[in-house]
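# Commentary on secondary and tertiary structure
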Amino acid sequence: MSYAIKSFLKQTGAFALVTIFFTLLTLYGLITLESLIFEDYFSVVPKAGTTQQEWLENFNFVGVVLALVAALCAVGWAITGYWFYRIKRWKSTGGRFLWLLWFFGAALFSFFTAMLSAFEVQDSGNILAMGFYLLNAIIIYWPVSILFSPASVKYAPYFARPVSV
Amino acid sequence: MSFYAIGIGGTGAKCLESLIHLAAAGLIPGHDKKLYLLFVDPDGSNGSLARAGKLLETYTSAQAKQFGGADFLDTKVRSAKDRVWSPLSQQNNNLGNFVNYGTLETDLQHLFDVLYSKEEKETSLDKGFRGHPSIGATVMAAAFDLEASEPWQQIKNNIELEINNGRKAKIMLFGSIFGGTGASGFPTIARLLRNWIGMLPDGSACLIGGTLMLPYFSFETVGGEELKAEAKDFLLNTQAALQYYYQKEEIKELDCTYLVGSDDSRQVRQTAIGGQEQENEPHWVEMVAGLAAVDFFAQEHSARGDYFLIARESPDRLSWTDLPDEHGKVKTNILQLTRFAFAFLSTYMPMLEDILANGRGYRAPWYIDYFARPGVDLRSSLQEELRYTQTYCRDFVLWLANVEYSVNGKIDDQILNLIDFTSFAEEREDKNGKRFIALRKQFSLDAFQNIILPNMKSDVAGLEVLWERMCSSKPKIQSNSSAWAFINQLYRLCGVVD
């Protein structure tokens, strides 16, 4: 097996494992917490024909789908980021552009999915839900890409810095 | 152990040039690698000497900025303050003045007239001994003084210090047998050094070796000068000199003698009696001479009385197996240095310059790891250690390309020998229509894996892998050592073969 393939599997494999960890954290921690917020502190009032329970189930379902999409975007960043520099474009700023592309891909997908899938409500529940979706996407995508991006693009994500300095 | 190398004349200077590159490739043996260099030439403006001197300056300037341990340029190369010793002074610039001909007694004047022609007495020697060793031998023997003149005194003191501390020293002399300065200086300096070492209490701790360069190039005859070296005389001069060495047992003054030459005496591009114009391109024979010094330095004992012979397998080709390489390091080390120079010149230095100009250091993670630190000034590093390294790398790859080019004197895909330099150097024509080798403005990055022949693509990493490894490295940097830590790491990684 060539060095490139071995290195690719090593770096993107590690990245994928950490992404899975953050995704599970989001699915079983964050989304549950957000559901609790909606249940106990911010009672959503859906429009006629929809119960609060149905709205919450929808919120959880969309949240899970969007978390998985964010995880896929993160892995997509790792794969494309790894191969980006294998074609001798070192002076290019495209590494950061690529990172932003995947990031906004995850964020915009969350935004539009939330817009299209949400049941109508009488208050600002859907706006808060959208905020949570975005937060979930950021929490999956950003820390993983800051800490575990492939070596050649490890500082392309915003605020990525050497740990040991 | 410390090593001394003395290059006598233009060819000697070119041999030292090769030795500096071999030292940079880490081929000088031992742990505490020290190499002391001295040039001997009455023609201080000689172009070949100037190029070798400039190379030495670049090497020592880069090394002076080293901080902490070194992988790249690990041999400490030094020279005297005046790195060129000339046996002539400004006033005594011809043989007549040198011996004070005008004040000699009449009988001595007549004897002198028998030994030397009018031209030999009166021609200015500021461009060397012009292929007349009889002039050089007189001047060298009279001017050489280990006790009173620098830099000889300094060399003497250094060697005495080494021996008194129980260490050994080795001196290697380089000179051509067929010219003027080398042919006259080589035996004279060897004999005088031997006499001095013989008087030391532990003289056996200092060995003297010599590399005599037999003819390996020729040149067009220079018009308008009466006293000059002529290529047509080279073989005859060589035959006479070798006969002299044999009969007088001059070679026995040396602990080890190497005779290096080539029967393929191709014309050099520029023909000149001396001065700046006498700058001949590097030649593969000089690399072999440098390797002879490496061999001598690595020998445990004196090789007096032993005779070894190596030759090329094919008269018009040169392969790595033709080169003396007892420890199997020559090809590996030169490959590492070549890869380093190529990568540094084509990718890393331009990237650092680009980051300094345009920012966005995140493009090169190794930049953030090594340079984006408190107290590290990239601008000053680019003006000093990185710039010296760049200059050295340029000198090295150009030298290597010329070594390859000198084997056949043309570029032909079918007859490549040691390296394929076409990715970083190209053939150009000078104003006289003569071809020479110059560095390309843009290197062909895809060829990185295939510079050293035979093709090593399968087990040598490409630039992408090198870049990735640089980005993955975890530097342990002390203050002020960022640039050298970066250089050393890049150099180390260029030696990794999968």
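Our structure is the block above this text.
Reference entry: report on the structure contained in this document. (Residues numbered from 1 in each chain as written. Chains lettered and ligands numbered in written order. Predicted model: local features only at pLDDT ≥ 70, side-chain atom pairs only at ≥ 80, totals over all residues.)

### Details of the interface of chain A and chain B
With 18 residues of chain A at the interface, the matching set in chain B holds 21 residues. Elements with a contribution of two residues or more to the side of chain A that touches chain B: α1 (3-40) and α3 (94-117) of chain A. Counting residues per element, the side of chain A that touches chain B draws most heavily on α1(A), which supplies 3 residues. Class assignment for the residues of the side of chain A that touches chain B results in 9 nonpolar, 4 polar and 5 charged. (Contact = placed C-beta atoms within 7 Å. Helix = DSSP H or I, 4+ residues; strand = E, 2+ residues; numbered from the N terminus. Nonpolar A, V, L, I, M, F, W, Y, C, P; charged D, E, K, R; others polar.)

### As for the nonpolar core
In terms of nonpolar packing, the biggest core is built from 173 residues, with A70(A), Y141(A), A5(B), I6(B), L16(B) and L490(B) touching the most fellow members. No other element matches the 14 residues that helix α2 (residues 52-84) of chain A contributes to this core. Beyond its immediate stretch of four places on either side in the chain, L16(B) contacts A5(B), G7(B), L37(B), F39(B), A52(B) and F174(B). (Core = buried A, V, L, I, M, F, W, Y, C linked by C-beta atoms within 7 Å. Buried ≥ 20, exposed ≤ 12 C-beta atoms within 10 Å, placed from the backbone.)

### A short note on helix α1 (residues 9-24) of chain B
For an α-helix, 3.6 residues make a turn, and residues three or four places apart therefore share a direction. Residues and elements named next belong to chain B. In this model, α1 (16 residues) spans 23 Å end to end at C-alpha, consistent with the 22 Å of a helix rising 1.5 Å per residue. Within α1, 16 of the 16 residues are buried, which leaves it mostly tucked inside the rest of the structure. Following α1 by one or two positions, G26 adopts a phi angle in the positive range, close to 80 degrees. (Expected span 1.5 Å × (residues − 1).)

### Let's talk about the packing of α3(A) against helix α4 (residues 125-148) of chain A
Residue and element names in this part refer to chain A. Packing of α3 against α4 leaves a shortest axis separation of 9 Å and a crossing angle of 160 degrees. Here α4 runs roughly antiparallel to α3, going by the angle between their axes. As for the relative orientation of α3 and α4, their crossing is right-handed in sense. Taken together, the residues of α4 that come into contact with α3 (itself represented by W99, F103, A106, A107, S110, F111 and A114) are A129, M130, Y133, L134, A137, Y141 and S145. Taken together, the residues of the contact of α3 with α4 sort by class into 12 nonpolar, 2 polar and no charged. (Axes fitted to C-alpha atoms, helices over the stretch in contact; angles between N-to-C directions. Parallel < 35°, antiparallel > 145°, perpendicular 65-115°, else oblique. Left-handed = near helix turned anticlockwise from the far one by under 90°.)

### Here we look at the environment of K47(A)
Among the secondary structure elements, K47(A) is positioned in the loop between α1 and α2. When the C-alpha positions of K47(A) and I138(A) are compared, they lie 30 Å apart, and in sequence the two are 91 residues distant.

### Observations regarding the environment of N158(B)
Looking at where N158(B) falls in the secondary structure, it is placed in helix α7 (residues 152-164). Taking the C-alpha atoms as reference, N158(B) lies 19 Å from R191(B); in sequence the two are 33 residues apart.

### Here we look at the pairing of strand β9 (residues 425-429) of chain B
All names here are of chain B. As defined by bridge partners, β9 adjoins strand β10 (residues 435-439) across 5 bridges and the pair is classed as antiparallel. Residue pairing in the sheet places E426 in a bridge with A438 of β10. Between β9 and β10, which pair antiparallel one after the other, the connecting turn spans 5 residues, and G433 there sits at a positive phi close to 80 degrees. (Pairing = 2+ DSSP bridges.)

### Comments concerning the packing of α1(A) against α4(A)
Residue and element names in this part refer to chain A. Where α1 meets α4, the axes come as close as 10 Å, and the angle between the chain directions of the two elements is 155 degrees. With respect to each other, α1 and α4 are oriented roughly antiparallel. Relative to α4, α1 is oriented so that their crossing is right-handed. Residues A14, F15, V18, T19, F22, T23, T26, L30, I31 and E34 of α1 pack against F132, N136, I139, I140, P143, V144 and F148 of α4.

### Looking at the sheet that holds strand β2 (residues 34-40) of chain B
All names here are of chain B. The 6 strands are arranged β3-β2-β1-β4-β5-β7 in an open sheet whose pairing can be described as parallel. Looking at which strands have only one partner, the edges of the open sheet turn out to be β3 (76-85) and β7 (256-260). Here the strands of the sheet are splayed against their neighbours by 15 degrees on average, with no regard to which way each runs. Where strand β1 (residues 2-8) and β2 come together, 6 bridges link them in parallel fashion. Among the inter-strand pairings, G7 is bridged to a residue of β2, identified as F39. Here helix α2 (residues 47-64) sits on the sheet and contacts β2 and β3; the angle it forms with β3, its principal contact strand, is near 140 degrees.

Any functional reading would require information that these geometric values do not contain.
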